[in-house]
Structures are given as C-alpha cells and as structure tokens.
Amino acid sequence: MRPDDNVALKTWSGAAKDLFEKDPRLLIVDDDRPFLNRLAKAMSSRGFSVSIAETVSDALAFVRNDPPTFAIIDMRLSDGNGLDVITELKLQRPEARGIILTGYGNISSAVIAVKLGAFDYLAKPVDADEVFLRLMNRDLGNAIEIPNITMSAERVKWEYIQRIYELCERNVSETARRLNMHRRTLQRILAKRAPR
C-alpha cells in the first residue's frame, strides 16, 4: 500500500473499508489487454489482491468458483455483456462492490447496471485513481447520480435504441423486429459509440 493511501483509507465508506480489510480480492474484467494490465497493476499497488479475466465466460467461471469482494467490469466484451457478470456476482456474493466500465456510455445502460447491482458506472477513458475512489467511497444505499445532459436528436435516438435493446434482453433480432429496422443496420448502430 502506498503512503498516501493511508489518507484515502480515512475517507473510505465504512462498508468498503470493512470489506477491504477482511478480503481485498478484486476481479477486473476487460478485453482491452493493455488497459487491463495497467489497471491491474495500479489496483494491486493500492493493496488489492487482483485477478483478471478477458471474457464473460472466464469471469463467470471465476465468480461462480470464488466470488471476489470487489469487481471492475467492462460492459462490452468479445463474448458478451459485462452486465451478466455483475448479475452473477450479486447472486454469489450480495455484499460485493462492482463497477461497470464502458466506452459506450448511455443513461439506460447506467440505470440497468445499477438495478443489476453495480455500485457505479463509469465511461471510459478513466484512470485508476477515479476507479479506486468510486469503488471505495460510495456508501451502501447511495444512489448513483446520473448527469443531467442536454442531448442531441441523434443521442436521443441512440438512447431509445439502447433502451429497447436492453428491454429485449440484448437480443438483436427481437430488438430489430420491435424497432422495425433491418438487423444489420441495428448491429452497426449498436457497435458505435454514443453520439454527443
């Protein structure tokens, strides 16, 4: 643990400090290997016992076998959605503290992540200090503040599509049918980052 982390320990929420002192295990799930390695090293230097996974299937196996106390999970992974991992984590270990990270930030996904048990939701790019502070300083029961954003028409459309996609349990074919849209067109929209 770094010397300046003693100051941070004093500002941690009571629940986070207790969990950390009992079991500092952290699972980081991301398919961007350079980012994953940098974040793992940074969180390890802050006193966590870090494990990593690059896929939803590996993360689910890890969580089912030995659920960690803390988790940092990318939302979109090569083989699925990180929301499935946060759901399983909360089933296996209800007191676990998890953060969802994404480069495809949208309000509906943030709301869904919170409903599934995430403590916070951060849009990439993020640095280790921000992740660390969000993971350790949020008290149980505090609601995540969703920013009040004035959105462009394109952003409103994109948010609506994301909402329907989540309501259809991330089934592309069903979402396309409900939106009366060609499946390939929908796939292209879902693969893009949110418009400003």
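Residues numbered from 1 in each chain as written. Predicted model: local features only at pLDDT ≥ 70, side-chain atom pairs only at ≥ 80, totals over all residues. Heavy atoms only, no water.

J.: An account of a negative patch on the surface is requested, with residue identities and associated values reported.
T.: Side chains of D31, D32, D58 and D79 sit close together on the surface and give a patch of like negative charge. Positionally, D79 belongs in the loop between β4 (76-77) and β5 (80-81). The class of D79 is partly exposed, set by a relative accessible area of 38%. (Patch = residues over 30% accessible without salt bridge, like charges linked within 9 Å, V, L, I, M, F, W, Y side chains within 5 Å. Areas by Shrake-Rupley, 256 points an atom, 1.4 Å probe, with all protein chains shown as cover. Salt bridge = Lys/Arg side-chain N within 4 Å of Asp/Glu carboxyl O. Lys, Arg positive; Asp, Glu negative; His and termini not counted. Charge placed at Lys NZ, Arg CZ, Asp CG, Glu CD. Helix = DSSP H or I, 4+ residues; strand = E, 2+ residues; numbered from the N terminus. Buried < 20%, exposed > 50% of the residue type's maximum accessible area, 1.4 Å probe, protein only.)

J.: Mind laying out the sheet that holds strand β1 (residues 25-29), listing which residues take part and the relevant values?
T.: A sheet is described by the order of its strands in space; here five strands give the open sequence β2-β1-β3-β6-β7, paired in parallel fashion. A strand with exactly one partner marks an edge of an open sheet, and here the two such strands are β2 (49-53) and β7 (120-123). In this sheet, adjacent strand axes meet at a mean angle of 15° when their direction is disregarded. With five bridges joining them, β1 and β2 adopt parallel strand pairing. Note that in β2 the partner of L26 across the bridge is V50. Most of the contacts of helix α3 (residues 33-45) go to β2, to which it runs at about 165°, and overall it touches β1, β2, β3 (70-74) and β6 (97-102). This element, helix α4 (residues 56-65), spans β1 and β2 of the sheet and lies at about 160° to β1. (Pairing = 2+ DSSP bridges. Axes fitted to C-alpha atoms, helices over the stretch in contact; angles between N-to-C directions. Contact = heavy atoms within 4.5 Å.)

J.: Can you break down helix α2 (residues 14-22) residue by residue, with the values?
T.: The set of residues buried in α2 consists of A16, L19 and F20. Projected down its long axis, α2 carries its buried residues within an arc of 100°, all on one side. Opposite its buried face, α2 presents the exposed residues E21 and K22, each directed more than 90 degrees away. Where the residues of α2 are buried, they touch β3, β6 and α7 (128-137). (Arc of directions from axis to C-beta.)

J.: With reference to specific residues and values, describe the side chain of D74.
T.: Here D74 lies in strand β3. Apart from residues lying up to four places away in sequence, D74 is in contact with V29, D30, D31, G82, L101, T102 and K124.

J.: Please provide a residue-by-residue account of a positive patch on the surface, values included.
T.: On the surface, a cluster of positive charge is contributed by R183, R184, R188 and K192. Among the structural elements, R184 can be located in helix α10 (residues 183-191). We classify R184 as exposed; its relative accessible area is 59%.

J.: Any chance you could break down the packing of helix α9 (residues 172-179) against α10 for me, citing the residues and the numbers?
T.: Close contact between α9 and α10 brings their axes to 9 Å; oriented N to C, the two are set at 110°. With respect to each other, α9 and α10 are oriented roughly perpendicular. Contact residues: V172, S173, T175, A176 and L179 in α9; R183, L186, Q187 and L190 in α10. (Parallel < 35°, antiparallel > 145°, perpendicular 65-115°, else oblique.)

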